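Reading the structure
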Amino acid sequence: MRQNYMLYLFLAPAIILTVVFKYVPMYGAIISFKDFSPMKGIWGSDWIGLEHFTRFLTSPNFGEIFMNTLKLSVYGLILGFPVPIILALMLNQVRRASIKKNIQLILYAPNFISVVIICGMLFIFLSPTGPINTILSLFIDKPISFMSDSDAFRSIYIISGIWQGAGWASIIYVAALANVDPQLHDAANIDGASLLQRIWHIDLPTLKPMMAVLFILGAGGIMAIGFEKAYLLQTAMNIPTSEIIPTYVYKVGLQAGDYAYSSAVGLFNSIINVILLVFVNFVVKKLNEGEGLY
């Protein structure tokens, strides 16, 4: 450390920020095990153990909320994970640099649109008088109220998420493919390999380690689904499928003021995430010749 103290000084701001904003707030998780009262404070509140966790696990809507969160995350991961890989493989076949840059610009642009704006666009496009229903009116008699249909919520959420993030997520795969030796493709061409054969035997093996790591990280964050989009797309009619753990925590914590209970629900969610991360990493290491996240 004495010899490389300058490097540690460069690293210090990041470490300090991580400790202050990631580790220090963990202290507040204690209220999950207490009958928290703002007047008594964290240490002055009575200890009640796992009562809040039991209350959540035995609540009538636990199964619905838990499965809604799980379904949105799992379907989003399964359907969304291959899309950036496919986009990267397609972009890798574009030889003209100017065309490739323009395509990348179009694909990356949705990532920089605010979630609030995305949700506003969805409400406009899918409204009974919106452009989607205008097109459908040529084939059906009455408009479809997509945003009030609980069965349509998951499809809207997942498809819009893929559209917004797939292009940006493909960057890391495009960068990995840029390191592929062109002589490998030239040799494969000489041997008579087709485009699909070259992708299967050259490009995909190059992406395999990156795919394993990103899949583990994605699976480990299955329960860490975003709050903003689900909450903004919620309506009174689609609550049966749109109510997830983060929106539930917001409602019982900030709106109802039950801070200890909402903290317990959030802590439960984090514990499930950690368990999934360890489990998926173990499975991927078994299937990927010992290569995983750790």
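Summarised in this report is the structure supplied together with it. Remember, predicted model here, so these are calculated numbers, not experimental data.

Comments concerning the packing of aromatic side chains
As enumerated under the stated definition, the model contains 18 aromatic pairs in all. Ring plane angle 70° and centroid distance 5.6 Å describe the contact between F56 and F268, whose orientation is recorded as edge-to-face. Of this pair, F56 sits in helix α3 (residues 51–57) while F268 sits in helix α16 (residues 259–287), and the two are 212 residues apart along the sequence. What makes F56 buried here is its relative accessible area of 2%. Given the relative accessible area of 14%, F268 is considered buried. Among the aromatic side chains, those forming a connected cluster through ring pairs are F56, F62, F66, Y248, Y261 and F268. A cation over an aromatic ring shows up here: K229 above the ring of Y157, its NZ or CZ 4.8 Å from the ring centre.

Considerations on the nonpolar core
One finds F56, L207, Y248 and F268 to be the most contacted residues of the largest nonpolar core, which totals 35 residues. Only α3, α4 (62–80), α5 (82–92), α10 (171–177), α12 (195–220), α15 (245–255) and α16 provide two or more residues apiece to this core. When sequence neighbours within four positions are dropped, the list of residues in contact with L207 reads I85, L89, Y173, A176 and L177. Ranked by size, the runner-up nonpolar core spans 16 residues in total, among them L122, L126, Y157 and I244.

Regarding the layout of surface pockets
In this structure, the largest pocket occupies an estimated 910 Å³ of space. Lining the largest pocket are 28 residues; nearest its centre among them are G76, L77, G80, G161 and I162. When contributions to the lining of the largest pocket are tallied by element, the ones reaching two or more residues are α4, α9 (150–169), α12 and α13 (227–232). Sort the elements by how many residues they give to the lining of the largest pocket and α9 lands first, with 9 residues. Grouping the amino acids of the lining of the largest pocket by side-chain chemistry returns 16 nonpolar, 10 polar and 2 charged.

Observations concerning the pattern of salt bridges
Taken as a whole and assessed by the stated rule, the structure comprises 3 salt bridges. One salt bridge in this structure joins D46 and K40, with 3.9 Å as the shortest N-O distance. One salt bridge in this structure joins E243 and K251, with 3.2 Å as the shortest N-O distance.

Comments concerning the packing of α4 against α9
Relative to each other, α4 and α9 sit at 40°, their axes nearing to 10 Å. Judged on the interaxial angle alone, α9 and α4 are oblique. Regarding α4 and α9, the two cross each other, and that crossing is right-handed. Along the contact surface, α4 presents N68, K71, L72, Y75, G76, L79 and G80, while α9 presents F153, R154, Y157, I158 and I162. Taken together, the residues of the contact of α4 with α9 sort by class into 7 nonpolar, 3 polar and 2 charged.

Regarding helix α11 (residues 182–190)
In an α-helix there are 3.6 residues to a turn, and that puts residues three or four apart on one side. For α11, the N-terminal cap is D181; the gap from its side-chain oxygen to the backbone nitrogen of Q183 is 3.0 Å. Looking one or two residues beyond α11, the residue adopting positive phi is G192, at roughly 90°.

Looking at the side chain of N92
Here N92 shows up in helix α5. Taking relative accessible area as the criterion, N92 reaches 13% and is therefore assigned buried. For N92, the residues in contact, after removing those within four places along its chain, are K100, L177 and D203.

Re the side chain of T241
Here T241 shows up in helix α14 (residues 239–242). When its relative accessible area of 8% is taken as the criterion, T241 is described as buried. Those residues in contact with T241 that sit more than four places away from it in its chain are N68, S150, F153 and R154.

Description of the packing of α11 against α12
Two numbers describe how α11 lies on α12: the axes approach to 11 Å, and their chain directions differ by 150°. Classed by the angle they form, the pair α11 and α12 counts as roughly antiparallel. As α11 runs across α12, the sense of the crossing is right-handed. Only R198, I202 and D203 of α12 make contact with α11, whose side of the interface consists of L184, H185, A188 and N189. Looking at side-chain class alone, the contact of α11 with α12 contains 3 nonpolar, 2 polar and 2 charged residues.

So, how was this worked out
Residues numbered from 1 in each chain as written. Predicted model: local features only at pLDDT ≥ 70, side-chain atom pairs only at ≥ 80, totals over all residues. Heavy atoms only, no water. Phe/Tyr/Trp six-rings, centres within 6.5 Å; stacked < 30°, edge-to-face > 60°. Helix = DSSP H or I, 4+ residues; strand = E, 2+ residues; numbered from the N terminus. Buried < 20%, exposed > 50% of the residue type's maximum accessible area, 1.4 Å probe, protein only. Lys NZ or Arg CZ within 6 Å of the ring centre and 35° of its normal. Core = buried A, V, L, I, M, F, W, Y, C linked by side-chain atoms within 4.5 Å. Contact = heavy atoms within 4.5 Å. 1 Å grid on protein atoms, 1.4 Å probe; cavity = no way out; pocket = protein on both sides within 12 Å on 5 of 7 lines; lining within 4 Å. Points joined across faces, edges and corners; volume = space filled by probe spheres on them. Nonpolar A, V, L, I, M, F, W, Y, C, P; charged D, E, K, R; others polar. Salt bridge = Lys/Arg side-chain N within 4 Å of Asp/Glu carboxyl O. Axes fitted to C-alpha atoms, helices over the stretch in contact; angles between N-to-C directions. Parallel < 35°, antiparallel > 145°, perpendicular 65-115°, else oblique. Left-handed = near helix turned anticlockwise from the far one by under 90°. Polar contact = N/O pair within 3.5 Å; in protein donor to acceptor, adjacent residues only side chain to side chain.

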